[in-house]
Amino acid sequence: MIRLAEETAEDWWEVEALYDLCFAPGREALSSYRLRDGVAPVAGLCLTARDDHGILAAAIRFWPVRIGQHEALLLGPIAVHPTRQGEGLGAILMRESLQRALDLGHGRVMLVGDAPYYARFGFEKLDGVEMPPPTNPDRVLGIALVPGAWEGVSGQVERDEVPQVHQ
Ligand SMILES: CC(C)(COP(=O)(O)OP(=O)(O)OC[C@H]1O[C@@H](n2cnc3c(N)ncnc32)[C@H](O)[C@@H]1OP(=O)(O)O)[C@@H](O)C(=O)NCCC(=O)NCCS
């Protein structure tokens, strides 16, 4: 059996190790990581999936981003341990986290990834939404959790700036 749980601070490095295993070396050089630098992931949407022995099988994280005045969620990274791929864990994490995002009041979600995989969850190419270069525009995908949420949204995707606290 697989148990889903919200990621905790104690999970952080284990999830990082899973991502290191599943992605090519240098994953943090990807432009999407520049949108995550110094920004906290979205609490309540970052999930872990563990087996009966507590072994981490899969994980998903989300970050807040902005496109002009519009807020959006950046989905990812999502990864499933190589020994557990193809069992539907990725789909479970996608569907559960997108439902939670809707429940938390988020209207639009985007990601950079393979359209043939993400189309099954309702993601489509986002025209006019630009990730920091170098990003293949065909891999910039979005889903409107609320109908029409992406209408009129275009421009550069930017970090959700965190207000600086001076002491
Ligand atoms: C991509 C990933 C998250 C999918 O998770 P998963 O649990 O293996 O996927 P599921 O079991 O839900 O779905 C399996 C199906 O997705 C397909 N699929 C997996 N990765 C795919 C991809 N990159 N492009 C197209 N289809 C893909 C499989 O062929 C399979 O198809 P089928 O249902 O027709 O047999 C997982 O394979 C993974 O961690 N890969 C390495 C890291 C990665 O690439 N993350 C995504 C970054 S864009």
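The structure under discussion appears in the preceding block.
Throughout what follows, the structure given in this document is the object of discussion. (Residues numbered from 1 in each chain as written. Predicted model: local features only at pLDDT ≥ 70, side-chain atom pairs only at ≥ 80, totals over all residues. Heavy atoms only, no water.)

### Concerning the pattern of salt bridges
Inference 1: Taken as a whole, this structure holds 17 salt bridges when the rule is applied.
Inference 2: One salt bridge in this structure joins Asp51 and Arg84, with 4.0 Å as the shortest N-O distance. One end of the pair, Asp51, is in the loop between strand S2 (47–50) and strand S3 (56–67); the other, Arg84, is in the loop between strand S4 (70–80) and helix H3 (89–103), with 33 residues separating them in the sequence.
Inference 3: Taking the relative accessible area as the measure of exposure, Asp51 reaches 14% and is therefore buried.
Inference 4: A salt bridge links Arg66 to Asp160; the shortest N-O distance between them is 3.3 Å. Here the residue Arg66 occupies a position in strand S3, and Asp160 occupies one in the segment after strand S9 (155–159), the gap between them amounting to 94 residues. (Salt bridge = Lys/Arg side-chain N within 4 Å of Asp/Glu carboxyl O. Helix = DSSP H or I, 4+ residues; strand = E, 2+ residues; numbered from the N terminus. Buried < 20%, exposed > 50% of the residue type's maximum accessible area, 1.4 Å probe, protein only.)

### Focus on the side chain of Arg50
Inference 1: Along the chain, the position of Arg50 falls in strand S2.
Inference 2: For Arg50, the side chain forms a polar contact with the side chain of Glu14, separated by 2.8 Å.
Inference 3: Non-local contacts of Arg50, meaning those with residues more than four positions away in its chain, are made with Met1, Ile2, Arg3, Asp11, Glu14, Ile55, Leu56 and Ala57. (Polar contact = N/O pair within 3.5 Å; in protein donor to acceptor, adjacent residues only side chain to side chain. Contact = heavy atoms within 4.5 Å.)

### A few points about the nonpolar core
Inference 1: In terms of nonpolar packing, the biggest core is built from 26 residues, with Leu75, Met94, Leu98, Val109 and Phe123 touching the most fellow members.
Inference 2: Those elements that provide at least two residues to this core are S2, S3, S4, H3, strand S5 (108–112) and strand S8 (140–144).
Inference 3: Counting residues per element, this core draws most heavily on H3, at six residues.
Inference 4: If we ignore the near neighbours within four places in the chain, the residues touching Met94 are Ile60, Leu75, Ile78, Tyr118, Phe121 and Phe123.
Inference 5: Core analysis: the next-biggest nonpolar cluster, separate from the first, contains 13 residues, Leu74, Val129, Met131 and Val153 among them. (Core = buried A, V, L, I, M, F, W, Y, C linked by side-chain atoms within 4.5 Å.)

### A few points about the site of the ligand
Inference 1: The ligand sits among 19 residues. The nearest are Val80, Gly86, Gly88, Gly90 and Asp114.
Inference 2: At a separation of 3.5 Å, an oxygen atom of the ligand approaches a polar backbone atom of Leu89.
Inference 3: Taking Ala91, its main chain carries an N or O atom lying 3.0 Å from an oxygen atom of the ligand.
Inference 4: Contact with the protein chains removes 63% of the 900 Å² of surface that the ligand exposes when unbound.
Inference 5: By residue class, the composition of the shell around the ligand is 11 nonpolar, five polar and three charged. (Near = heavy atom within 4 Å. Areas by Shrake-Rupley, 256 points an atom, 1.4 Å probe, with all protein chains shown as cover. Nonpolar A, V, L, I, M, F, W, Y, C, P; charged D, E, K, R; others polar.)

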